[in-house]
Amino acid sequence: MKTYGQRSATPDSILSSCRRSTAVSIPAPIGKPLVDDVATAYFQERQAAPATIELERRWLNLWAHFCKSRGLRWTDCTQAHLLAFHQELLWKSFSSGRLYATNTLDMILRTVRAFYRWAYRTQRVAVDPTVKWSLPRTPQTEQKSLSQAQVLRILNLPDLSQPMGQRDQVLLEILYHERLSLGRCLTLTVAEAEHLGEAIQPHLGLYLHDGRAKLSKGPAPELLLSRYGSPIKTREGFHQILRKYSADAMPKLTARLFHRSRRDHSDQLTARRLPTHD
């Protein structure tokens, strides 16, 4: 068996005239997958998120089209067919001509393998063609994080004399110190924020008593308000705030970048100090 993940030469019956420069375009999935009824039962048992189900249905549909193009029933496929499917995927492309990324290939193959293992366990196939199909994990690139100096510089960027600067300061500190997701920040209330960690409390108090009071146009339980005084309702609103301060950060600021950085700095505290007044 060839090393998993390499785009190597393949049997003539599969890629007789295929080269990287002339990658075959993958058609958009059409109609129902050949395994649609069985796949529905599979996903019902998995109870995965809707987005995950939609994506995995697409991968199973690719496998179904592969079977159909060779006149095969999915229940009759062997490991040789799975290997041929793998090799064909290595050279297929999106409509833009870009080949599948290694992680995407890994996801497709693991989806097909998980489906067949479920089908064998539920006696929908007589033989599991994936029983000896080994899929080693693909190597992951090193995840970047911010140094403490970079974090401190970013935390000192918001203008604390302005209401939105105070709001931005609270958001940045929540992402870094509390490692909350952007979705959780959308629903975070004033009452809940008052129970967050001590590192956030000084700037939180400034925002609640000054900035938020000036921004607010009416009663609202949510902590973080837009410039118009209403609660921020979408993650894009937070992305826009992070983009304002990304010019001074490398790499681009995201919630996960703050989370990784805080984890790496777990032994020390990086915090902006409130300005003192003589």
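Once a new chain begins, its residue numbering starts again from 1 and follows that chain's sequence as written. Where local features are concerned, this predicted model is filtered to residues with pLDDT of at least 70; where side-chain atom pairs are given and counted, the filter is 80 or more; whole-chain, interface and lining totals use all residues. Working from all heavy atoms in the structure, the side-chain values ignore hydrogens and water.

Quick word on the packing of aromatic side chains
Aromatic rings from Phe, Tyr and Trp, with only the six-membered ring used for Trp, were paired whenever their centres fell within 6.5 Å, and each pair was classed as stacked if the ring planes differed by under 30 degrees, edge-to-face if by over 60, and tilted otherwise. In the structure shown here, the tally under the stated rule is 12 aromatic pairs. Plain terms: the ring middles of Y42 and F43 are 5.1 Å apart, the flat faces sit at 50° to each other, and that makes the pair tilted. When sorted by exposure, Y42 lands in the same class as F43, which is buried. Three or more aromatic residues joined by ring pairs make a cluster, and in this case those are Y42, F43, W63, F66, W74, F85, F115, Y116 and W118. The rule is simple: take the accessible area with a 1.4 Å probe, protein chains only, and divide by the maximum for that residue type; under 20% is buried, over 50% is exposed, in between is partly exposed.

Focus on the state of the cysteines
Here, a disulfide means two cysteine sulfur atoms that sit within 2.5 Å of each other. Taken as a whole, this structure holds 0 disulfides when the rule is applied. We note that C67 lacks a disulfide partner, and the nearest cysteine sulfur, in C77, lies 3.5 Å from it. Take C67: its relative accessible area is 1%, and that puts it in the buried class.

As for the nonpolar core
By nonpolar core is meant a set of buried Ala, Val, Leu, Ile, Met, Phe, Trp, Tyr and Cys residues that side-chain atoms within 4.5 Å join together. With 35 residues, the main nonpolar core has I174, L223, L224 and F238 as its most contacted residues. For helices the rule is a DSSP run of H or I covering at least 4 residues; for strands it is a run of E covering at least 2, with both sets numbered from the N terminus onward. Elements represented by at least two residues in this core include exactly α6 (148–155), α7 (163–178), α8 (182–187), α9 (190–193), α10 (201–215), α11 (235–246) and α12 (255–264). In this description, contact between two residues means that some pair of their heavy atoms is separated by no more than 4.5 Å. Here I174 is in contact with R179, L180, C185, L188, L196, I200 and L223, once residues within four sequence places are set aside. By size, the runner-up hydrophobic cluster in this structure holds 31 residues, among which are V38, W59, W63 and L109.

Here we look at the pattern of salt bridges
Just to be clear on terms, a salt bridge is a Lys or Arg side-chain nitrogen sitting within 4 Å of an Asp or Glu carboxyl oxygen. Across all of its chains, the model carries 10 salt bridges by this definition. Here E56 ties to R46 by a salt bridge, and the two come within 2.4 Å at their closest N and O atoms. Highlighted residues: E56 in helix α3 (residues 50–69) and R46 in helix α2 (residues 36–46), separated in sequence by 10 residues. By relative accessible area, E56 is classed as buried at 12%. A residue is classified by how much of its surface remains accessible, and R46, at 37% relative accessible area, is partly exposed. R167 is paired through a salt bridge with D168; the nearest N and O atoms lie 2.8 Å apart. Classification of R167 as buried rests on a relative accessible area of 6%. By relative accessible area, which is 0% here, D168 ends up buried. Overlapping salt bridges, with partners in common, bring together R167, D168 and K244 in one network.

So, α6
Those residues of α6 lying buried are Q150, V151, I154 and L155. Buried residues along α6 cover an arc of 130° about the axis, so they all sit on one side. For α6, the elements touching its buried residues are α7 and α12. Throughout, the arc means that of the directions going from the helix axis to the C-beta atoms.

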